[in-house]
Amino acid sequence: MIGIFVFGSFGSFVKTNALGSATTIVNLLVKNSLCTSVFKAYPEKRIPRIGNWSTDIISDVYVVNGSKLATGTATSDSQGIYTIDYCALGYTLFPGNYDFYVKGFSHLEKKFANTPAFDVDGPSITDFTTDSRQLFAGETSMVFDNKINSLDLSTQIRLLYSADIKNDLNRDTKVNSLDLSNTVWNLYMLGDCSPFDPLKNLTPAKKACNP
Ligand SMILES: [Ca+2]
Ligand SMILES: [Ca+2]
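Bear in mind that the values here come from a model prediction, so they are computed numbers and not experimental data.

Take the sheet that holds strand 7 (residues 68–75) next. By definition, the strands of a sheet pair up through backbone hydrogen bonds, in either a parallel or an antiparallel sense. The four strands are arranged 7-6-9-10 in an open sheet whose pairing can be described as antiparallel. At either margin of the open sheet sits one strand with a lone partner, and together these are strand 7 and strand 10 (110–117). Ignoring which end each strand starts from, the neighbouring axes of this sheet average 25° apart. Bridge count between strand 9 (residues 96–104) and strand 10: six bridges; the pairing is antiparallel. Across the sheet, tyrosine 98 pairs through a bridge with threonine 115, a residue of strand 10.

Here it is as structure tokens:
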């Protein structure tokens, strides 16, 4: 749905000049904001490589270099496209630039900084796939600590030869050595997280972050 948000009063008003006689019609700025926003993100290393980009998504919206504004969830389609109605979730987001933090089902959190969004005059899809950007795979343990480590490897080994979808990183319907090799490739990789993330500064660290 499309929400209409108004800066100031709606429409126009009559302004009286210094002599109190002549009038001027002043039109006020009316801005549109998209409640339902469409995004695109690619989870990495899928087989087949093209058109196999579905995953569960958590998509958080932050002020640029600032605090958290909104969070939403969705399941992306085979093209990596997902839709979130932030208004239905109770958030009001105006056209502008935001920092997005996006996490796939088996993936580290990734920051997409200073990204324009929520503007009906802007691109129809907020595209997180430009410049070969992808969500890094291997974060599969029950504990989301935003780092790929032995917890994730041991989870995957335990579920080897199963069809567990979280550990089937390439989504070829089975957990096997190809998925394990993806996790080993990303071993010790850290995700991104906001300096304001409440999980960041727990001791011992529950959630790792890129500097
Ligand atoms: Ca982990
Ligand atoms: Ca697999």
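Below, the discussion takes up the sheet that holds strand 5 (residues 36–40). Read across the sheet, three strands follow the order 8-5-11 without closing on themselves; strand pairing throughout is mixed. Every interior strand has two partners, whereas the edge strands, strand 8 (81–85) and strand 11 (126–127), have only one. With five bridges connecting them, strand 5 and strand 8 associate as antiparallel partners. Considered in strand 8, the bridge of lysine 40 is made with isoleucine 81.

Moving on, we come to the nonpolar core. Among the nonpolar cores identified, the biggest contains 25 residues, and Ala41, Val102, Phe128 and Leu135 are the most heavily contacted of them. Elements represented by at least two residues in this core include exactly strand 6 (56–62), strand 8, strand 9 and strand 10. Apart from residues no more than four positions distant in its own chain, valine 102 is found in contact with Ala41, Ile57, Ser59, Lys110, Phe112, Phe128 and Leu135.

With that settled, the discussion passes to unusual backbone geometry. For the bond from isoleucine 47 to proline 48, the omega torsion is 0°, close enough to zero to count as cis. Structurally, proline 48 is set in the loop between strand 5 and strand 6. A positive phi is found at aspartate 131, a non-glycine position, where the angle reads about 55°. Here aspartate 131 lies in the loop between strand 11 and helix 1 (150–158). C-beta crowding within 10 Å serves as the criterion here: with 6 such atoms nearby, aspartate 131 is assigned to the exposed category. Positive phi outside glycine occurs at arginine 171, with the angle close to 55°.

Time to look at the environment of isoleucine 84. When you line up the elements, isoleucine 84 lands in strand 8. Contact partners of isoleucine 84, with chain neighbours within four places excluded, come to Ser37, Ser59, Gly72 and Ala74.

Here we come to the environment of serine 76. Looking at the element boundaries, serine 76 is found in the loop between strand 7 and strand 8. Between the alpha carbons of serine 76 and isoleucine 57 there is a distance of 6.9 Å; along the sequence they are 19 residues apart. Excluding residues within four positions of it along the chain, serine 76 makes contact with Ala41, Trp53, Ser54, Thr55, Ile57, Ile81 and Tyr82.

Rules behind the numbers
Residues numbered from 1 in each chain as written. Chains lettered and ligands numbered in written order. Predicted model: local features only at pLDDT ≥ 70, side-chain atom pairs only at ≥ 80, totals over all residues. Pairing = 2+ DSSP bridges. Helix = DSSP H or I, 4+ residues; strand = E, 2+ residues; numbered from the N terminus. Axes fitted to C-alpha atoms, helices over the stretch in contact; angles between N-to-C directions. Core = buried A, V, L, I, M, F, W, Y, C linked by C-beta atoms within 7 Å. Buried ≥ 20, exposed ≤ 12 C-beta atoms within 10 Å, placed from the backbone. Contact = placed C-beta atoms within 7 Å.

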